[in-house]
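Structural characterization, general
Here are the chains, one letter per residue:
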Amino acid sequence: MSYQSPYSLEFRVFGAPRLLLNQHDVPFRRRQPLAIMAVLALSERAVTRDELTYLLWPDSPQVVGRQRLRRSLSQLRQLVGSLANQLLTGQAGIGSDVIRFNASMCRVDAHEFMRLSGQARTLPDPEGLRAADQAAQLYAGPLLSGLELDESPEFEHWLIQQRARFERMILEVWQRLVDGYANTGDVDRAIAAVEHALVLD
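Here the residue numbering is sequential within each chain, running from 1 through the sequence in written order. A pLDDT threshold of at least 70 governs which residues receive local features in this predicted model, and a stricter bar of 80 or more applies before side-chain atom pairs are shown or counted, although totals over entire chains, interfaces and linings include all residues. Heavy atoms throughout the structure, all of them, feed into the side-chain values; hydrogens and water do not.

**Some words on helix α5 (residues 109-122)**
- Here a strand is any run of E in DSSP of at least two residues, a helix any run of H or I of at least four, and the numbering for each starts at the N terminus. What a helix should span is 1.5 Å times the count of its residues minus one. The end-to-end C-alpha distance of α5, which contains 14 residues, comes to 20 Å, matching closely the 20 Å that a straight helix rising 1.5 Å per residue would cover.
- Accessibility here uses a 1.4 Å probe with only protein chains present; expressed as a share of the type maximum, an area under 20% marks a residue as buried, one over 50% as exposed, and anything in between as partly exposed. Along α5, the residues classified as buried are Asp109, Ala110, Glu112, Phe113, Leu116, Ser117, Gly118 and Ala120.
- Summarising the contacts, the buried residues of α5 are in contact with β1 (9-12), α1 (31-42), β7 (107-108), α6 (127-138) and α7 (153-184). Contacts between residues were defined by any pair of non-hydrogen atoms, one from each residue, lying within 4.5 Å.

If you want it as structure tokens, here you go:
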């Protein structure tokens, strides 16, 4: 399924993470701004600055952690450019301590994957089978592959939990494909789906 973003900003979190602006890779020289982008994009709610500081710099004094967070957020905003203020916003009435990711500004493959996997669970065939197939195509590899931050154990814990969540979802998608193809008599595709599921499991 094609997706046209009016702002041409895309964040791919399956496999090695990539942020693309106008279809060109945005170069991240440090991992922390990319990790912040990932946490905000995958959160279903606004995130406080204290939460981000604790995730990324849990052993630093609060003042030092806050300084590092401000620097990393500034680097992230510079990389995104003129879209930054619309992409990363404060929540009205709460203040600048809260940051929300504006999903309408950026295509995120994980968001589309979750929508399609939900359709695969609830829609009858052939629509449900088609949604499962599209979801499987989006899953390019383990979540945020290569973004490990050894010096940030809290971020590592968060990343392990998120990877496990999406691995469960992709296994359910492949099981849906197995069942759907088997029910339609497409034995070759059903076998291929079983093989994919076994590799992932």
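There's plenty left to go through after this.
**Description of the confidence of the model for the protein**
- Per-residue confidence for the protein gives a mean pLDDT of 89; residues scoring 70 or more make up 93%.
- Each residue carries a pLDDT score, the predictor's own confidence in it, on a scale running from 0 to 100. Mean pLDDT per element in the protein: strand β5 (residues 88-91) is the minimum at 74, and α5 is the maximum at 97.
- Taken as a whole, residues 1-5 scores under 50 in pLDDT and shows six contacts with residues more than four places along the chain or in a different chain.
- With pLDDT under 50 throughout, residues 91-95 is counted as low confidence; its partners more than four residues away or in other chains account for four contacts.

**Side note on the packing of aromatic side chains**
- Any two rings among Phe, Tyr and Trp, with Trp reduced to its six-membered ring, count as a pair given centres within 6.5 Å; such a pair is stacked if its planes are under 30 degrees apart, edge-to-face if over 60, and tilted if neither. Inspection of the entire model under this criterion finds six aromatic pairs.
- Each ring, one from Phe14 and one from Phe113, has its centre 5.3 Å from the other, and the planes form 75°; the classification is edge-to-face. Of this pair, Phe14 sits in the loop between β1 and β2 (18-21) while Phe113 sits in helix α5; the two residues are 99 residues apart in sequence, bridging distant segments of the chain. For the pair Phe14 and Phe113, one class covers both residues: buried.
- Plain terms: the ring middles of Phe14 and Phe166 are 5.5 Å apart, the flat faces sit at 80° to each other, and that makes the pair edge-to-face. With Phe14 in the loop between β1 and β2 and Phe166 in helix α7, the pair connects residues that are 152 residues apart, well separated along the chain.
- With relative accessibility at 4%, the residue Phe14 sits in the buried group.
- Classification of Phe166 by relative accessible area gives buried; the value is 0%.
- Aromatic ring contacts, followed pair by pair, group Phe14, Phe113, Tyr139 and Phe166 into a single cluster.

**What about helix α3 (residues 62-80)?**
- The terminal C-alpha atoms of α3, which comprises 19 residues, lie 27 Å apart, in line with the 27 Å expected from a rise of 1.5 Å per residue.
- For α3, the set of buried residues is Gly65, Arg66, Leu69, Ser72, Leu73, Leu76 and Val80. Looking straight down α3, one finds that the buried residues subtend no more than 130° of arc, so they occupy a single side. Residues of α3 that are exposed and angled more than 90 degrees away from the buried face: Val63 and Gln78.
- Backbone geometry just downstream of α3 places Gly81 in the positive-phi region, at approximately 80°. This arc is taken over the directions from the axis of the helix to the C-beta atoms.

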